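If you want the building blocks of each chain, they are given just below.
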Amino acid sequence: MSIQAAASPTVGYFCFNRRSCRWRVVHRPRMAVRSGTLSSTPILTSLQKECATPLPVLRHVADSMISDMRAGLAFDGGSDLKMILSYVDSLPTGNEKGLFYALDLGGTNFRVLRVQLGGKDQGVVASEFEQVSIPQELMFGTSEELFDFIASGLAKFAQTEGGKFQLLPGRKRELGFTFSFPVKQTSIDSGILIKWTKGFAVSGTEGKDVVACLNEALERQGLDMHVSALVNDAVGTLAGARYWDNDVIAAVILGTGTNACYVEQIDAIPRLHGHKSYSKSMIVNTEWGAFSSGLPLTEFDMGMDAASINPGEQIFEKTISGMYLGEIVRRVLLKMAETESLFGRSIPEKLSTPFSLRTPDLCAMQQDNSSDLEAIGSILYDVAGAKSDTSARRTVLEVCDTIVKRAGRLAGAGIVGILEKMEGDSKGLVFGKRTVVAMDGGLYENYPQYRNCIQDAVTELLGKELSRSVVIELSKDGSGIGAALLAAANSKYGHDS
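Just so we're clear, the structure is a prediction, and the values are computed from it rather than from any experiment.

J.: Describe the sheet that holds strand E6 (residues 124-133), with residues and values.
T.: Ordered by their spatial adjacency, five strands build an open sheet running E6-E5-E4-E7-E10, and the pairing between neighbours is mixed. The two strands at the open ends of the sheet, each matched to only one other strand, are E6 and strand E10 (225-231). Sheet twist, expressed as the average angle between the axes of neighbouring strands with direction ignored, equals 20°. Across nine bridges, the pairing between strand E5 (residues 109-118) and E6 is antiparallel. Within E6, the residue paired with Leu113 across the bridge is Phe129.

J.: Now, about the environment of Ser469: what can you tell me, with residues and values included?
T.: Within the fold, Ser469 resides in the loop between helix H14 (448-467) and strand E15 (470-474). For the pair Ser469 and Val430, spaced 39 residues apart in sequence, the C-alpha to C-alpha distance is 9.0 Å. Apart from residues no more than four positions distant in its own chain, Ser469 is found in contact with Gly432, Lys433, Arg434 and Thr435. Looking at Ser469, its side chain comes within polar contact range of the main-chain oxygen of Lys433, at 3.4 Å. At a separation of 2.9 Å, a polar atom in the side chain of Ser469 contacts the main-chain carbonyl oxygen of Leu466.

J.: Would you mind going over the environment of Phe300 in detail, with residue names and values included?
T.: Position of Phe300 among the secondary structure elements: in helix H7 (residues 299-307). Taking relative accessible area as the criterion, Phe300 reaches 8% and is therefore assigned buried. With 31 residues separating them in the primary sequence, Phe300 and Arg331 have C-alpha atoms 6.1 Å apart.

J.: Outline the sheet that holds strand E11 (residues 248-254), supporting the account with residue identities and numerical values.
T.: Read across the open sheet, the six strands follow the order E3-E13-E12-E11-E14-E15; overall the sheet is mixed. In this open sheet, the two edge strands, each paired with only one partner strand, are strand E3 (84-85) and E15. Here five bridges tie E11 to strand E12 (residues 258-265), and the two strands are oriented antiparallel to one another. When the sheet's bridge partners are listed, Leu254 is paired in E12 with Thr258.

J.: Now, about helix H12 (residues 390-425): what can you tell me, with residues and values included?
T.: Each full turn of the α-helix corresponds to 3.6 residues, which orients residues three or four apart in the same direction. With 36 residues, H12 extends 53 Å between its outermost C-alpha atoms, agreeing within 8% with the 52 Å of an ideal straight helix rising 1.5 Å per residue. Of all 36 residues making up H12, 32 are buried, and the element is well covered by its neighbours.

J.: Go over the nonpolar core with me, naming the residues and quoting the values.
T.: By size, the foremost hydrophobic cluster in this structure holds 88 residues, and its most contacted members are Trp288, Leu333 and Tyr450. In terms of residues, this core owes the most to one element, H12, which gives 16 residues. Aside from chain neighbours lying at most four places away, what touches Trp288 is Met65, Leu81, Val252, Thr258, Asn259, Ala260, Phe316, Ile320, Ala411, Gly414, Ile415 and Ile418. Residues Phe147, Ile150, Leu175 and Leu230 belong to the second largest nonpolar core, which totals 38 residues.

J.: I'd like to hear about the confidence of the model for the protein chain, residue by residue, with values.
T.: Of the residues in the protein chain, 91% reach a pLDDT of 70 or more, and the chain-wide mean stands at 88. Per-residue pLDDT stays below 50 along residues 1-37; that stretch engages in 89 contacts with residues further than four places along the chain or on separate chains.

J.: Requested: an account of the pattern of salt bridges, with residues and values cited.
T.: Under the criterion given, the structure shown has 20 salt bridges. In this structure, Asp425 engages Arg70 in a salt bridge whose closest nitrogen and oxygen atoms are separated by 2.7 Å. Here Arg70 lies in helix H2 (residues 55-74) and Asp425 lies in helix H12, a separation of 355 residues in the sequence. A salt bridge links Asp361 to Arg358; the nearest nitrogen and oxygen atoms lie 3.7 Å apart. Note on Asp361: relative accessible area 9%, which makes it buried.

J.: Break down the packing of helix H11 (residues 374-384) against H12 for me, citing the residues and quoting the values.
T.: Between H11 and H12, the shortest axis-to-axis distance is 10 Å and the interhelical angle comes to 85°. It follows that H11 is roughly perpendicular to H12 by the angle criterion. Note on element contacts: H12 touches H11 through Arg393, Val396 and Leu397, opposite Glu374, Ile376, Gly377 and Leu380. Grouping the amino acids of the contact of H11 with H12 by side-chain chemistry returns four nonpolar, one polar and two charged.

J.: Pulling in residues and values, what's your account of the side chain of His226?
T.: Structurally, His226 can be placed in strand E10. Leaving out residues up to four positions away in the same chain, His226 has contacts with Lys172, Arg173, Glu174, Leu175, Asn215 and Lys492.

So, how was this worked out
Residues numbered from 1 in each chain as written. Predicted model: local features only at pLDDT ≥ 70, side-chain atom pairs only at ≥ 80, totals over all residues. Heavy atoms only, no water. Pairing = 2+ DSSP bridges. Helix = DSSP H or I, 4+ residues; strand = E, 2+ residues; numbered from the N terminus. Axes fitted to C-alpha atoms, helices over the stretch in contact; angles between N-to-C directions. Contact = heavy atoms within 4.5 Å. Polar contact = N/O pair within 3.5 Å; in protein donor to acceptor, adjacent residues only side chain to side chain. Buried < 20%, exposed > 50% of the residue type's maximum accessible area, 1.4 Å probe, protein only. Expected span 1.5 Å × (residues − 1). Core = buried A, V, L, I, M, F, W, Y, C linked by side-chain atoms within 4.5 Å. pLDDT = per-residue confidence, 0-100. Salt bridge = Lys/Arg side-chain N within 4 Å of Asp/Glu carboxyl O. Parallel < 35°, antiparallel > 145°, perpendicular 65-115°, else oblique. Nonpolar A, V, L, I, M, F, W, Y, C, P; charged D, E, K, R; others polar.

Here it is, written out as structure tokens:
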């Protein structure tokens, strides 16, 4: 990626492609150092300036998100955001009754779940799940082999059905299928696989309907079950949260990776011209990890991106998600060790290993409030083989604070972009009343500083009065139950029976 600097002495402007540019504001309030004084190094000073996210930067990111959302809804390939139409236009109402299953396939394990629904009076009567590891050879095998293995696991799970789990008379088992790989969805219960990711290289599936592949495997197992809804994890999280709270209008995944979805008005989707839906709305999967406009990036981000398996892609994800935050910090610390002797004369060998410093390590270090930052010293030694004094630990802590603060505040700006886009299309839809954004993912759940930075950015962008009505809350592991609930909401036996 090339970098060009504008001439302005007070505001830097960098571009690395036609959509991906950023503002850099020199003046930035520093995060408080929790113990002692800090001798700021040139690298740290530069990093803090380049990662700055004052209000003008947040506003630029939110506005760019809105523009990219509109362009992506206008036509396929209109922006970095794919704005995938989920065809989910029937959300759970709470009236659903019966037994429904879910299958979550998104990595080296798959999860099967069942839920018994009792309608308005009883809600979720019971739920249970099992997790199954996928043998590595099947990740490189044939489509039939993989789906037969999954169907076999579902069949074994269904055999243990009983007790509180009872299929209503005259019904066939219905399944919500969470499939977290790139698909071109064509209806609520069909989607064409674009490509395998996450280490899968299964032959014979790309270009085919993954729902048909699973349904055929279920038939080969003799299992009386079919897929009623195909969703991804963000859509499942929204549906699961909406079941308990009608004010939920969006969902964000912040874990190893990131994504967001929201409930869009059908008349605001030019690509759906002529589509008829009794609900007049549909969940749109933004695939916002691909967003890139206006982000404050550094040489460390660009170096990491260039070394990745998908350079120039998923820039937002590489800036805000758990997979990458530790690696960005590692790259900063390595340069500090090489050029500023952060850890003395020697450069810790393990610090040169990509991804050796993980985001959970950053989280643990940021919880250290001791005077000598002993926990940070232990982590640096265990993970990187680095011996450190208190001054070096304070520098490391500042680096963590800087990268994590940028990530959380950019995520917050993205959330505001989605909400303001919805409000701009329909005045009063979002603001002035209680509005809930459901959050899921280990990064959001387990990293308090990151969560706080998200909330701070939302409050700054919306102002205290508007932000009071926006509730950002954890919906832990909601995507599994959400998929089962969407199977119920889209049941062939009726929406509210």
